[in-house]
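Each chain, written out:
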Amino acid sequence: MMHEIGKGRYDNAYKNISPKSTDIVLCYKDRDIIVKENSDEISFLTYGEVLSQAPDIAQNYIYLFKIDDTSYFLIPQTENIELENTRRIYIRPFREMAPLTNVFAGMTGFQLRNWYNTIKYCSSCGKPLVHDTKERMLRCTDCGHMEYPKICPAVIVGVISNDRILLTKYARGEHTRYGLVAGFAEIGETIEETVVREVMEETGLRVSRVKYYKSQPWSLTDTLLFGFWAEIDGDDAVFLDEEELASAQWFSRNDVVDENSISLTGEMMRVFKEGAKIFD
């Protein structure tokens, strides 16, 4: 899946350090990621390369994270400059590219870049926020309010009935592939309660035997996805919420299309298609 980086070690602890010339720099323009032009696989610029082209811009950097022995930094002010020997890749096809380590780095950096771009003023008193030097946090020096990166818990649900799985399509947005029932957790409910509520709201189905599968960070929507299986409890007739879904249909294992997606949804669909025993 998108967050898997093989044997790489991801260290997200914040560090108040300056970049070395060989450290990696992540640059973005709108919803595009900037990568090196002449490379068969995704390759990012080093800090030294950015410093040589845009020394003023390069002075404004933010430490992001570390993968193995390489530190990654964000240069937030690249919207209005052109860097030599680079190209732009839109965020959605980028997630399907290689190598996985760089896909993960680029997507995670994209999430943090969006947070830094949108959270600039204190939501309590309106004063400018400053970067904390000990942890990844923005704080208000006037009233003491603190802001941490946005992470939204959500569920992906493989709804099962008599060896069939319910596949859905969204009513709006860019995504047109078949997927699973999904939705965000609400205040005051457990993540298991989110599963039951979302399935009922979107399809009119009652479910029981809710079983956790695995989780996945999804940087496009600041989301931490929790994958669950759930078995219907009663009638399998679907009553579609047409504001949320364009369709919802039952599929046998052989009829599920493997779209080779790196998402948690794609993996769960493959697991079902390949005949895994979902419930004991």
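For every chain, the first residue of its written sequence is number 1, and the numbers climb from 1 along that sequence. The predicted nature of this model means local features are confined to residues of pLDDT at least 70 and side-chain atom pairs, given and counted, to a pLDDT of 80 or more, with totals for whole chains, interfaces and linings taken over all residues. Hydrogens and waters are ignored; side-chain quantities use all the structure's heavy atoms.

A.B. asks: For the sheet that holds strand β4 (residues 32–36), give the residues involved together with the corresponding values.
C.D. replies: Sheets are built from strands paired through backbone hydrogen bonds, the pairs being either parallel or antiparallel. Within the open sheet, the three strands sit side by side as β3-β4-β8. Their pairing is antiparallel. What marks the edges here is a single partner per strand, and that holds for β3 (28–29) and β8 (86–90). Strand pairing is assigned whenever DSSP identifies at least 2 bridges connecting the two strands. Secondary structure counts use DSSP, requiring at least four H or I residues in a row for a helix and at least two E residues in a row for a strand, with both numbered from the N terminus. Taken together, the five bridges between β4 and β8 define a ladder with antiparallel strand orientation. From the neighbouring strand, Asp32 faces β8, where its bridge partner is Tyr90.

A.B. asks: Can you explain the sheet that holds strand β7 (residues 70–74)? Please cite residues and give values.
C.D. replies: The strand order across the open sheet formed by five strands is β1-β6-β7-β2-β5, and the pairing between neighbours is mixed. The sheet is open, and its two edges are formed by β1 (10–11) and β5 (45–46), each paired on a single side. As paired strands, strand β6 (residues 62–67) and β7 are joined by five bridges and run antiparallel to one another. Within β7, the position partnered with Tyr63 by the bridge is Phe73.

A.B. asks: I'd like a rundown of the pattern of salt bridges, residues and numbers included.
C.D. replies: When a carboxyl oxygen of Asp or Glu lies within 4 Å of a side-chain nitrogen of Lys or Arg, that pair is called a salt bridge. On inspection of all chains with the given rule, the structure shows 16 salt bridges. Note that Asp68 is salt-bridged to Arg9, the shortest N-O span being 3.5 Å. With Asp68 in the loop between β6 and β7 and Arg9 in the segment before β1, the pair connects residues that are 59 residues apart, well separated along the chain. Think of it in three bands: residues with accessible area under 20% of the maximum for their type are buried, residues over 50% are exposed, and the middle band is partly exposed, with areas taken using a 1.4 Å probe on protein chains only. Among the residues examined, Arg9 registers a relative accessible area of 53% and is labelled exposed. Salt-bridge contacts for Asp11 lead to Lys15; the nearest nitrogen and oxygen are separated by 2.9 Å.

A.B. asks: Account for the side chain of Ser219, with residues named and values stated.
C.D. replies: Turning to its location among the elements, Ser219 is positioned in the loop between β15 (207–218) and β16 (223–232). Reaching out from Ser219, the side chain makes a polar contact with the backbone oxygen of Met107 at a distance of 3.3 Å. Distance and chemistry together define a polar contact, namely a pair of N or O atoms within 3.5 Å, with one atom able to donate a hydrogen and the other to accept it when in protein, and with adjacent residues in sequence counting only for side-chain atoms on both sides.

A.B. asks: Can you explain the environment of Asp258? Please cite residues and give values.
C.D. replies: As for its placement among the helices and strands, Asp258 is situated in the loop between β17 (245–252) and α6 (264–273). For Asp258, a relative accessible area of 39% translates into the label partly exposed. When the C-alpha atoms of Asp258 and Glu274 are compared, they prove to be 9.9 Å apart, with 16 residues separating the residues in sequence. Contact between two residues is taken to exist if any of their heavy atoms lie within 4.5 Å; hydrogens are not considered. Excluding residues within four positions of it along the chain, Asp258 makes contact with Arg270 and Lys273.

Coordinates in, geometry out; function isn't part of it.
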